[in-house]
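# A look at the structure
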Amino acid sequence: ESPIRAAVAPHAGFVYSGPTAATALVGIGAADPKRIILLGPSHHLAFSGGALPEERVTAFATPLGKVSIDQSAVARLRREDEFQGPSRAHGPEHSLEVELPFLQLAAPDARIVPVLVGVNTDRDTSRRMARILADLLDEETVVVASSDFTHHGDRYGYAPFEDHDDVGGDLIGLGQATADRLAAVDPDGFWYQVEVSGDTVCGRRPLA
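Residues numbered from 1 in each chain as written. Predicted model: local features only at pLDDT ≥ 70, side-chain atom pairs only at ≥ 80, totals over all residues. Heavy atoms only, no water.

## Some thoughts on the nonpolar core
Ile28, Ile36, Leu77, Phe83, Leu103 and Val115 are the most contacted members of the largest nonpolar core, which has 39 residues in total. Secondary-structure elements contributing two or more residues to this core are β1 (6-9), α1 (14-26), β2 (35-41), α2 (71-78), α3 (100-106), β6 (111-117), α4 (123-134) and β7 (141-146). When residues of this core are assigned to their parent elements, the largest contribution, five residues, is made by β6. Leaving out residues up to four positions away in the same chain, isoleucine 36 has contacts with Ile28, Leu103, Ala107, Ala110, Arg111, Ile112, Val113, Val142 and Val144. Core analysis: the next-biggest nonpolar cluster, separate from the first, contains five residues, Ala145, Phe190, Val201 and Leu207 among them. (Core = buried A, V, L, I, M, F, W, Y, C linked by side-chain atoms within 4.5 Å. Buried < 20%, exposed > 50% of the residue type's maximum accessible area, 1.4 Å probe, protein only. Helix = DSSP H or I, 4+ residues; strand = E, 2+ residues; numbered from the N terminus. Contact = heavy atoms within 4.5 Å.)

## Concerning a negative patch on the surface
Together, Asp154, Glu162, Asp163, Asp165 and Asp166 line one region of the surface with negative charge. Of note, aspartate 166 is situated in the loop between β7 and α5 (167-183). (Patch = residues over 30% accessible without salt bridge, like charges linked within 9 Å, V, L, I, M, F, W, Y side chains within 5 Å. Areas by Shrake-Rupley, 256 points an atom, 1.4 Å probe, with all protein chains shown as cover. Salt bridge = Lys/Arg side-chain N within 4 Å of Asp/Glu carboxyl O. Lys, Arg positive; Asp, Glu negative; His and termini not counted. Charge placed at Lys NZ, Arg CZ, Asp CG, Glu CD.)

## Some points on the packing of aromatic side chains
In the structure shown here, the tally under the stated rule is one aromatic pair. Look at phenylalanine 14 and phenylalanine 102: their rings are 5.6 Å apart centre to centre, the planes differ by 75 degrees, and that puts the pair in the edge-to-face class. Taken together, the positions of phenylalanine 14 in helix α1 and phenylalanine 102 in helix α3 put the pair 88 residues apart, joining distant regions of the chain. Residue classification places phenylalanine 14 among the partly exposed residues on the basis of a relative accessible area of 47%. (Phe/Tyr/Trp six-rings, centres within 6.5 Å; stacked < 30°, edge-to-face > 60°.)

## Overview of the packing of α5 against helix α6 (residues 187-197)
It is at 8 Å that the axes of α5 and α6 come closest, and there the two elements cross at 160 degrees. Viewed along their axes, α5 and α6 adopt a mutual orientation that is roughly antiparallel. Seen from above, α5 lies across α6 with left-handed handedness. Judged by residue contacts, Leu174, Ala177, Thr178, Arg181 and Leu182 of α5 engage Gly189, Phe190, Gln193, Val194 and Ser197 from α6. Counted by class, the contact of α5 with α6 contains five nonpolar, four polar and one charged residues. (Axes fitted to C-alpha atoms, helices over the stretch in contact; angles between N-to-C directions. Parallel < 35°, antiparallel > 145°, perpendicular 65-115°, else oblique. Left-handed = near helix turned anticlockwise from the far one by under 90°. Nonpolar A, V, L, I, M, F, W, Y, C, P; charged D, E, K, R; others polar.)

It is worth stressing that arrangement in space is one thing and function is another; only the former is reported here.
What follows is the structure, encoded as structure tokens:
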């Protein structure tokens, strides 16, 4: 069985989705990665493309210690127009940091390439970003995308199954259809699935 090269993990918070994140990320340890491209949505600032941390930031910290940033890889991305999003987006953000304790345990020697993807990122921009990031892929690199899936309920303005008898089953079916397009490495199909279903996947842009 080949080592896992890419994973999707939720960021709802440890009490809600910690076991799911652990299950998703423990498998990357078999790849023994030295670099993890970590992609997540920006919840607080709207922009197009990817945002990288400020140049003075060399590591992220958790209660388990520091996680070093792959400075050379980030420097390569800084030269690209698609990665000029505001560094300040990282200040209040949680979508990347919440994955770090799991990554520290699964791949303790890995450095990260932390990228926040803005809500204004369209399909063409995401495709260009993917091609640029593909240049960083090698046998010692894995990709982790941070995303919750369907946000359901009046709070999120998305409750198409409220009058159904099996809301849970309907939500699982919707999430499975969306996940299937990801598993098939079908970015156009993924965009289409999210658009036609209205699935409220907060990390749809980093996933794409």
